[in-house]
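# Structural overview for review
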Amino acid sequence: MYAIVRAGGRQEKVSVGDVLIIDKVSGKAGDSIDLTPLLVVDGSTVTSDADKLAKVTVKAEVVKPAKGPKITIMKYKNKTGYKKRQGHRQHLTQVKITSIDA
């Protein structure tokens with residue numbers, strides 16, 4: 001059994017026991033969160049109907065906060081002496097899927 005869930009503006013394919021990294025969610029390590037299912041596949045049964053998906057719950061546990069890779073931003077204008085260097089690391093959260101209840 002697996003599900004396609006919406007997590008942080010993206011869609012992720014998850015099954016029980018998977019550990020994935022999503023955009024930052026509020027909560028400490030050990031907290032439980034619910035993810036919105038978009039599709040559930042159980043063997044040969046595929047569920048995509050909104051009414052049936054309203055009854056499905058996908059629970060995940062926050063493992064730890066994480067950070068994305070360092071991104072370097074350079075701005076430069078010719079002949080004016082203007083240059084600017086900036087960096088960014090996206091805040092992420094590592095979660096573990098604990099259950100998919102259909």
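Residues numbered from 1 in each chain as written. Predicted model: local features only at pLDDT ≥ 70, side-chain atom pairs only at ≥ 80, totals over all residues. Heavy atoms only, no water.

## Focus on the overall build of the protein chain
Let me state the cut-off plainly: Where helices and strands are cited, they refer to DSSP runs of H or I of at least four residues and of E of at least two residues respectively, numbered from the N terminus. For this measure, only C-alpha atoms enter the radius of gyration; the expected value for a globule follows 2.2 Å times N^0.38, where N is the number of residues.
When helices and strands are counted, the protein chain shows one helix and nine strands. Beginning at the N terminus, the succession of helices and strands in the protein chain can be written as β-β-β-β-β-α-β-β-β-β. Against the globule reference of 13 Å for 102 residues, the protein chain gives a C-alpha radius of gyration of 19 Å, more extended than a compact globule. Overall size of the protein chain, expressed as C-alpha extent along the three principal axes, is 65 × 30 × 20 Å.

## Digging into the nonpolar core
For soluble globular proteins, the rule of thumb is that nonpolar side chains tend to be buried together. Put simply, the rule reads: To define a nonpolar core, start from buried Ala, Val, Leu, Ile, Met, Phe, Trp, Tyr and Cys residues and group those joined through side-chain atoms within 4.5 Å. Summary of the burial criterion: residues with accessible area below 20% of their type's maximum are buried, those above 50% are exposed, and those between are partly exposed, where the area comes from a 1.4 Å probe applied to protein chains only. Whether two residues are in contact is decided by their heavy atoms, any of which lying within 4.5 Å being enough.
With 17 residues, the main nonpolar core has Ala 3, Val 14, Ile 33, Leu 35, Val 58, Val 95 and Ile 97 as its most contacted residues. For this core, the secondary structure elements donating two or more residues are β1 (2–7), β3 (19–23), β4 (32–42), β6 (57–67) and β9 (91–101). Here Val 14 is in contact with Tyr 2, Ala 3, Val 5, Leu 20, Val 58, Ile 97 and Ile 100, once residues within four sequence places are set aside.

## Some points on the environment of Gln 11
Tracing the sequence through the fold places Gln 11 in strand β2 (residues 10–14). Since its relative accessible area comes to 55%, Gln 11 is described here as exposed. Aside from chain neighbours lying at most four places away, what touches Gln 11 is Ile 4, Val 5 and Leu 38.

## Remarks on the pattern of salt bridges
Charged atoms that come close allow side chains of opposite charge to pair. The line we're drawing: Take a side-chain nitrogen of Lys or Arg and a carboxyl oxygen of Asp or Glu: if they are within 4 Å of each other, that pair is a salt bridge.
One pass over the structure, following the stated rule, counts three salt bridges. Ionic pairing is found between Arg 10 and Glu 12, a salt bridge with its closest N-O pair at 4.0 Å. We note a salt bridge from Lys 59 to Asp 34, for which the minimum N-O separation is 3.2 Å. You can see Lys 59 sitting in strand β6 and its partner Asp 34 sitting in strand β4, a full 25 residues away along the chain. With relative accessibility at 31%, the residue Lys 59 sits in the partly exposed group. Of the residues examined, Asp 34 reaches a relative accessible area of 55% and is grouped as exposed. Each of Arg 10, Glu 12 and Asp 23 takes part in salt bridges that share partners, so that together they form one network.

## Description of the pairing of β9
As a reminder, the rule being used: One bridge is not enough; two strands pair if DSSP finds at least two bridges between them.
For β3 and β9, the ladder comprises five bridges, and the chain directions are antiparallel. Counted as the bridge partner of Asp 23 is Leu 92 from β9. Inspection of the sheet shows β6 paired to β9 by ten bridges, in the antiparallel sense. Across the sheet, the residue bridging to Thr 57 is Asp 101, located in β9.

## Observations concerning the packing of aromatic side chains
Test applied: By convention, a stacked pair of Phe, Tyr or Trp rings (six-membered ring in the case of Trp) has centres within 6.5 Å and planes under 30 degrees apart, an edge-to-face pair has planes over 60 apart, and any other such pair is tilted. Charge-over-ring contacts are defined here by two conditions on Lys NZ or Arg CZ: a distance within 6 Å of the ring centre and an angle within 35 degrees of the ring normal.
Here the structure, examined in full by the defined rule, presents zero aromatic pairs. Residue placement shows Lys 13 over the ring face of Tyr 2; its charged tip is 4.3 Å from the ring centre.

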